[in-house]
Amino acid sequence: MNDKKIALVITWDHYNLVTQNFSAAISASIQGFNLNVKSISISQPISPQLSNIDMSTVSFVFCVGHEALNININDKIIYDFFDCPFYVYVLDTPIYNFRSPTGHLLIEYFNRSTKDNRLNILFAERTYLNLYSNYEFDGCKPNLRFMPFAAFPAITDKEEKIDRVVVIGGLGTELYTNHSDLLENLNYYNPYQVSQQQTNELIDTIEDVHFAGNTTKHIVNIFQLEPKDLLDIDFLKFACEVDSYIKKRNRIRAIDSLKNFPTDFYGPGWDSKYSDVNNFRFLGEIKHTQISEIVSNYKVLLNFDPNWEDGVHDRVFTCLANQTNLITNQNLFLDELEGKTNNIYRYHPNSPNINELAECSINEYQKSETKSILLNHSWHARITALIENI
């Protein structure tokens, strides 16, 4: 590649600046490879943004999220308009993206990737990657790659940090918050006509005290589904119902186990549920671009990952890069981080002991080495791995 080549980074304007922040970090990292980077927002008219670009110089296209798949250029769907490698980075748990209002476009792209080596899908969680790697379309498998999230480090190093736990993100608006409601819904909505015994086995599995896994993987295994079912609309609805219940339930269990420990919340929904709890402060919503600066002010971050088994939220990397202690749910990807840092405290989502961990992480706080995190889990490291394989 030479300095005349261009990389296009395409995103959309998220109200909390999530996609914009990812796009900025990824674009900055690409520029380190002697590539000119052009950032495109599909929230603005596309044609003027492309008017001064020689398409023959475009080395690759990187989409932050799948929303750009809804765009046509010169009567061609966007990935057919460009004659170069095309990447779609799935930022959420894949089942929600596939079930979203534009999910059918991602499914179509997913199927097309089985026949076109230019088209690639990037997942940030490895067990979903392994699960969907078994899917076939006309006998061919999709072009899937693992690209974990990375750190958004703060620029400043804080000499003094706040002796409180900080929680970043909202409580959530999932429908089900108790076992009986979920079970009633699963029995009513049963696209595969599975037995009551299988449904009970699923619930027992995800309620197990040591469960810390990918709910979708367990649905596939317990119900003995085929890889072809993974993009079926009925399967996606069923999987999302189970997953969303566990997500909100785990957040509530974690916060309940704090037991009045001094905690600051940034995000919606917490104040209405915990307004009467002493030592809890509710400090409103923030933009994604503010997370790193806020986390760097605290000694401890409490993180919950979205039912991921082998892959973590960008908050995890950002926390560690800012020398803030991390309390987080069990996750296989943490094995790649421990040994490089001494400030990770794990808990089982179904039996959290957050109050105990919070006391330990505050009392034992000391600034940790961040060199390995910044070197191996930066956006530059992620883009290096990507570009080396283009």
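Peer 1: So what's going on with the layout of surface pockets? Which residues, and what values?
Peer 2: There is about 200 Å³ of room inside the second largest pocket. Contributing to the lining of the second largest pocket are 14 residues, with Phe-152, Pro-153, Ala-154, Thr-289 and Ser-292 lying nearest its centre. For the lining of the second largest pocket, the elements supplying multiple residues, two or more each, are helix 1 (18–30) and helix 12 (291–295). With three residues, the single largest contributor to the lining of the second largest pocket is helix 12. Across the lining of the second largest pocket, the residue classes break down as eight nonpolar, five polar and one charged.

Peer 1: Break down helix 10 (residues 233–256) for me, with residues and values.
Peer 2: Over its 24 residues, helix 10 extends 35 Å from the first C-alpha to the last, a length consistent with the 34 Å expected when each residue adds 1.5 Å. Extensive coverage of helix 10 is indicated by the burial of 19 of its 24 residues. Structurally, the start of helix 10 carries an N-cap: the backbone nitrogen of Asp-234 is 3.0 Å from a side-chain oxygen of Asp-232.

Peer 1: Please set out the environment of Phe-123 residue by residue, giving values where relevant.
Peer 2: Its place among the elements puts Phe-123 in strand 7 (residues 119–123). Take Phe-123: its relative accessible area is 1%, and that puts it in the buried class. Phe-123 sits 111 residues away from Asp-234 along the chain, and the two C-alpha atoms are 22 Å apart. Not counting chain neighbours up to four residues away, the residues in contact with Phe-123 comprise Val-90, Pro-94, Phe-98, Phe-110, Tyr-128, Leu-129, Tyr-132, Leu-144, Arg-145, Phe-146 and Met-147.

Peer 1: A description of the packing of aromatic side chains should follow, citing residues and the corresponding values.
Peer 2: Each aromatic ring pair is specified by the distance between its two centres and by the angle formed by the two planes. Under the counting rule described, the total for this entry stands at 28 aromatic pairs. Ring centres 6.0 Å apart and planes at 55 degrees place the aromatic pair Phe-86 and Tyr-109 in the tilted group. Of the two residues, Phe-86 is situated in strand 6 (residues 86–90) and Tyr-109 in helix 5 (residues 103–112); the sequence distance between them amounts to 23 residues. With respect to class, Phe-86 is no different from Tyr-109; both count as buried. Feature note: the residues Phe-22, Phe-62, Tyr-89, Phe-149, Phe-152, Trp-308 and Trp-379 constitute an aromatic cluster, connected by ring pairs. Lying across the ring of Phe-317, Arg-382 places its NZ or CZ 5.3 Å from the centre.

Peer 1: Let's hear about the side chain of Asn-329: which residues, and what values?
Peer 2: With respect to the helices and strands, Asn-329 occurs in strand 13 (residues 325–329). A distance of 2.8 Å separates a polar atom in the side chain of Asn-329 from the backbone nitrogen of Asp-305.

Peer 1: Now, about the pairing of strand 13: what can you tell me, with residues and values included?
Peer 2: Taken residue by residue, a regular strand's side chains alternate between the two faces of the sheet. With five of its five residues buried, strand 13 lies for the most part within the structure. Burial along strand 13 is two-sided: Asn-325, Ile-327 and Asn-329 and Leu-326 and Thr-328, pointing in opposite directions, are all buried. Considered for its hand, the β-α-β crossover made up of strand 12 (residues 298–303), helix 13 (residues 314–321) and strand 13 is right-handed. Across four bridges, strand 13 lies against strand 14 (residues 344–347) in parallel orientation. Paired with Asn-329 across the two strands is Tyr-347, which belongs to strand 14.

Peer 1: Any chance you could break down the pattern of salt bridges for me, citing the residues and the numbers?
Peer 2: Per the counting criterion, the structure on display carries 17 salt bridges. A salt bridge links Arg-118 to Asp-80; its shortest N-O distance comes to 3.9 Å. Of this pair, Arg-118 sits in the loop between helix 5 and strand 7 while Asp-80 sits in helix 3 (residues 78–81), and the two are 38 residues apart along the sequence. Judged by its relative accessible area of 31%, Asp-80 falls in the partly exposed class.

Peer 1: Just give me the short version of the environment of Val-166, but keep the residues and values in it.
Peer 2: On the secondary structure map, Val-166 appears in strand 9 (residues 162–168). For Val-166, a relative accessible area of 0% translates into the label buried. Considering only alpha carbons, one finds Val-166 and Phe-265, 99 residues apart in sequence, at a separation of 6.0 Å. If near-sequence neighbours (up to four positions away) are discounted, Val-166 is found in contact with Asp-264, Tyr-266, Ile-294, Tyr-298, Val-300, Leu-301 and Leu-302.

Peer 1: So what's going on with the nonpolar core? Which residues, and what values?
Peer 2: By size, the foremost hydrophobic cluster in this structure holds 107 residues, and its most contacted members are Phe-62, Ile-78, Phe-86, Tyr-89, Phe-123, Tyr-132 and Trp-379. No other element matches the eight residues that helix 10 contributes to this core. Setting aside its immediate chain neighbours within four residues, Phe-86 contacts Val-61, Cys-63, Leu-69, Ile-78, Tyr-79, Tyr-109, Arg-118, Leu-119 and Asn-120. Counting 23 residues, the second-largest nonpolar core is a separate cluster that includes Ala-254, Phe-265, Val-277 and Tyr-345.

Peer 1: Go over the packing of helix 9 (residues 215–222) against helix 10, please, and point to the residues and values.
Peer 2: The geometry of helix 9 relative to helix 10 is characterised by a closest axis approach of 9 Å and an angle of 130 degrees between their N-to-C directions. Here helix 10 runs oblique to helix 9, going by the angle between their axes. Between helix 9 and helix 10 lies a crossing whose hand is right-handed. Mapping the contact onto sequence places Thr-215, Thr-216, Ile-219 and Val-220 in helix 9 and Phe-235, Phe-238, Ala-239, Val-242, Asp-243 and Ile-246 in helix 10.

Peer 1: So what's going on with the side chain of Thr-263? Residues and values would help.
Peer 2: Summarising the element assignment, Thr-263 is placed in strand 10 (residues 263–266). A relative accessible area of 0% places Thr-263 in the buried class.

Rules used throughout
Residues numbered from 1 in each chain as written. Predicted model: local features only at pLDDT ≥ 70, side-chain atom pairs only at ≥ 80, totals over all residues. Heavy atoms only, no water. 1 Å grid on protein atoms, 1.4 Å probe; cavity = no way out; pocket = protein on both sides within 12 Å on 5 of 7 lines; lining within 4 Å. Points joined across faces, edges and corners; volume = space filled by probe spheres on them. Helix = DSSP H or I, 4+ residues; strand = E, 2+ residues; numbered from the N terminus. Nonpolar A, V, L, I, M, F, W, Y, C, P; charged D, E, K, R; others polar. Expected span 1.5 Å × (residues − 1). Buried < 20%, exposed > 50% of the residue type's maximum accessible area, 1.4 Å probe, protein only. Polar contact = N/O pair within 3.5 Å; in protein donor to acceptor, adjacent residues only side chain to side chain. Contact = heavy atoms within 4.5 Å. Phe/Tyr/Trp six-rings, centres within 6.5 Å; stacked < 30°, edge-to-face > 60°. Lys NZ or Arg CZ within 6 Å of the ring centre and 35° of its normal. Right-handed = clockwise from strand over helix to strand, strands pointing away. Pairing = 2+ DSSP bridges. Salt bridge = Lys/Arg side-chain N within 4 Å of Asp/Glu carboxyl O. Core = buried A, V, L, I, M, F, W, Y, C linked by side-chain atoms within 4.5 Å. Axes fitted to C-alpha atoms, helices over the stretch in contact; angles between N-to-C directions. Parallel < 35°, antiparallel > 145°, perpendicular 65-115°, else oblique. Left-handed = near helix turned anticlockwise from the far one by under 90°.

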